[in-house]
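So you can see what is in the structure, the chains are spelled out below.
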Amino acid sequence: MPWMFYLAGAVAVAATIMTITRLNAIHALLYFVVSLLAAAVVFYTLGAPFIAALEVIIYAGAIMVLFIFVVMMLNVGERAVAMERSWLPGGIWVGPAVLAAVLFAQVVYLVMRGPGPEYPRTVVGPKQVGLALYGPYLMGVELASMLLLAGLVAAYHLGWRRQPEQESKETHFDERRTAVGRSAVRAGTDRPAGAP
Amino acid sequence: MAGVLFALGLIGLLVRRNIIFILLSIEIMLNAAGLAFIVAGARWAQPDGQVMFMFILAMAAAEVSVGLALVLGLQRLYKTLDTDAASEMKG
């Protein structure tokens, strides 16, 4: 089924083009999720079902949720409200919906057709991947675990260190901004009434 | 196709100034590299390509966590997502 490969590849490229040309971060993330799903279909047609599942779970699931979480955290005050109002008319979701519908049709086709003479190439299953991963690549696995640990510690450190000194730093910045005369009002309205 | 995706990610990295989009473009490029590994592994029917993709996946996860923590720090410090605002390093 080469046509499935080429269709999913076209969807991936189109979604990636839409990703890097969007102005809104959330729209770009939506298109990028579609691009990752298309890449998962490409992996499946290439005979790597285990990697296709990993792509959906980790990339489209975990990493994109992290991105969306941070974008949601970064939206501040009235700018987010205005953005929300601009979203409400709808019509923006049509593009990702159409691209995802193509992928969904492909998956439905695969499921309905059932097992058969599927792949043009040989399938490399999870068992072979696992044997290779914990055989000759055992050192790589250990290095990856250490890298993940370092990333975890670094993210924790970067996210935690500003909490105790956040108040003083923010007040300093507010005083400086007052001299400039910009955004001091907004920073004041963000605070709760009883906050120092 | 992997080359096209990598080129798109590179274009996005060079063109955009929003740091969220820069991180997203890095993700696109990593994904394209992983796609190239998968295609090579499928071409020679070896599991090494998939093993390499898993390493790329782990690296992308670590990179994205640290990068997004840096994004939060940048936003707290400068109240913007423009990377030009952070170019205060003299020398």
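Residues numbered from 1 in each chain as written. Chains lettered and ligands numbered in written order. Predicted model: local features only at pLDDT ≥ 70, side-chain atom pairs only at ≥ 80, totals over all residues. Heavy atoms only, no water.

Undergrad: An account of the overall build of chain B is needed here, citing residue identities and associated values.
TA: When its secondary structure is counted, chain B shows three helices and zero strands. If you list the helices and strands of chain B from N to C, you get α-α-α. Across the 91 residues of chain B, 51% fall into the buried class. Put simply, 51% of the contacts in chain B that link residues at least 6 apart link residues at least 24 apart. Carbon together with sulfur atoms contributes 70% to the accessible area of chain B, which is approximately 4100 Å² in total. (Helix = DSSP H or I, 4+ residues; strand = E, 2+ residues; numbered from the N terminus. Buried < 20%, exposed > 50% of the residue type's maximum accessible area, 1.4 Å probe, protein only. Contact = heavy atoms within 4.5 Å. Areas by Shrake-Rupley, 256 points an atom, 1.4 Å probe, with all protein chains shown as cover.)

Undergrad: Summarise the overall build of chain A; cite the residues concerned and give the values.
TA: Within chain A, the regular secondary structure consists of nine helices and zero strands. Along chain A, helices (α) and strands (β) appear in the sequence α-α-α-α-α-α-α-α-α when read from the amino end. Taken across its 196 residues, chain A has 35% of its residues classed as buried.

Undergrad: I'd like to hear about a nonpolar patch on the surface, residue by residue, with values.
TA: Residues and elements named next belong to chain A. The grouping of F104, V107, V108, V111 and M112 at the surface amounts to a nonpolar patch, some 520 Å² of accessible area in total. Residue placement: V107 occurs in helix α5 (residues 94-113). Assessed through its relative accessible area of 38%, V107 is described here as partly exposed. (Patch = residues over 30% accessible without salt bridge, like charges linked within 9 Å, V, L, I, M, F, W, Y side chains within 5 Å. Salt bridge = Lys/Arg side-chain N within 4 Å of Asp/Glu carboxyl O.)

Undergrad: Outline the environment of V13 of chain A, listing residues and values.
TA: Residue and element names in this part refer to chain A. Among the structural elements, V13 can be located in helix α1 (residues 2-21). On the basis of relative accessibility, which here comes to 18%, the residue V13 falls in the buried class. Linking V13 and S35, residues 22 residues apart in sequence, is a C-alpha distance of 7.2 Å.

Undergrad: Break down the nonpolar core for me, citing the residues and quoting the values.
TA: I51 and F67 of chain A together with V71 of chain B are the most contacted members of the largest nonpolar core, which totals 61 residues. With residues near it in sequence (within four places) discarded, I51 of chain A still touches F43 of chain A together with I38, Q50, F53 and M54 of chain B. (Core = buried A, V, L, I, M, F, W, Y, C linked by side-chain atoms within 4.5 Å.)

Undergrad: Describe the packing of helix α3 (residues 49-74) of chain A against helix α2 (residues 19-43) of chain B, and please don't skip the residues or the numbers.
TA: Any two packed helices are characterised by how steeply their axes cross, that is the angle between the axes, and by the distance between the axes. The contact between α3 of chain A and α2 of chain B brings their axes to 12 Å, and the two run at 175 degrees. Considered as vectors, α3 of chain A and α2 of chain B are oriented roughly antiparallel to each other. Within the contact between the two elements, α3 of chain A uses I51, E55, Y59, I63, F67, V70, V71 and L74 of chain A and α2 of chain B uses I20, L23, L24, E27, L30, N31 and I38 of chain B. Residues belonging to the contact of α3 of chain A with α2 of chain B are distributed by class as follows: 12 nonpolar, one polar and two charged. (Axes fitted to C-alpha atoms, helices over the stretch in contact; angles between N-to-C directions. Parallel < 35°, antiparallel > 145°, perpendicular 65-115°, else oblique. Nonpolar A, V, L, I, M, F, W, Y, C, P; charged D, E, K, R; others polar.)

Undergrad: Quick rundown of helix α2 (residues 25-45) of chain A? Include the residues and the values.
TA: Look at α2 of chain A: 30 Å from first C-alpha to last across 21 residues, which is about the 30 Å you get at 1.5 Å a residue. Backbone geometry just downstream of α2 of chain A places G47 of chain A in the positive-phi region, at approximately 90 degrees. (Expected span 1.5 Å × (residues − 1).)

Undergrad: Before we move on, can you summarise the side chain of T16 of chain A with the specific residues and values?
TA: All names here are of chain A. Within the element layout of this structure, T16 appears in helix α1. Looking at T16, the relative accessible area reads 0%, which means it is buried. Within polar-contact distance, the side chain of T16 engages the backbone oxygen of A12 at 2.6 Å. (Polar contact = N/O pair within 3.5 Å; in protein donor to acceptor, adjacent residues only side chain to side chain.)

Undergrad: Summarise the packing of aromatic side chains; cite the residues concerned and give the values.
TA: Throughout the structure, instances matching the rule amount to two aromatic pairs over all chains. Taking the centre distance of 5.2 Å and the plane angle of 75 degrees together, the rings of F43 of chain A and F53 of chain B count as edge-to-face. Placement of the pair is F43 of chain A in helix α2 and F53 of chain B in helix α3 (residues 48-78), with the two residues belonging to separate chains. For the pair F43 of chain A and F53 of chain B, a shared accessibility class is recorded, and that class is buried. With centroids separated by 6.3 Å and ring planes inclined at 70 degrees, the aromatic side chains of Y137 of chain A and F55 of chain B adopt a geometry described as edge-to-face. You can see Y137 of chain A sitting in the loop between α6 (126-133) and α7 (138-160) and its partner F55 of chain B sitting in helix α3, one on each of two chains. (Phe/Tyr/Trp six-rings, centres within 6.5 Å; stacked < 30°, edge-to-face > 60°.)

Undergrad: Go over α7 of chain A, please, and point to the residues and values.
TA: In this model, α7 of chain A (23 residues) spans 33 Å end to end at C-alpha, consistent with the 33 Å of a helix rising 1.5 Å per residue. Of the residues making up α7 of chain A, those classed as buried are G140, V141, A144 and G151 of chain A.

Undergrad: Pulling in residues and values, what's your account of the interface of chain B and chain A?
TA: Chain B puts 50 residues into the contact, and the matching count from chain A is 59 residues. Regarding the contact of chain B and chain A, the summed buried area is about 4900 Å², with carbon and sulfur atoms giving 79% of it. Connecting chain B to chain A are two residue pairs in polar contact (both at pLDDT 80 or more). At the level of elements, α1 (2-15), α2 and α3 of chain B are the ones that each hand at least two residues to the side of chain B that touches chain A. With 25 residues, the single largest contributor to the side of chain B that touches chain A is α3 of chain B. Taken together, the residues of the side of chain B that touches chain A break down into 38 nonpolar, seven polar and five charged. (Buried area = accessible area lost by both parts, 1.4 Å probe.)

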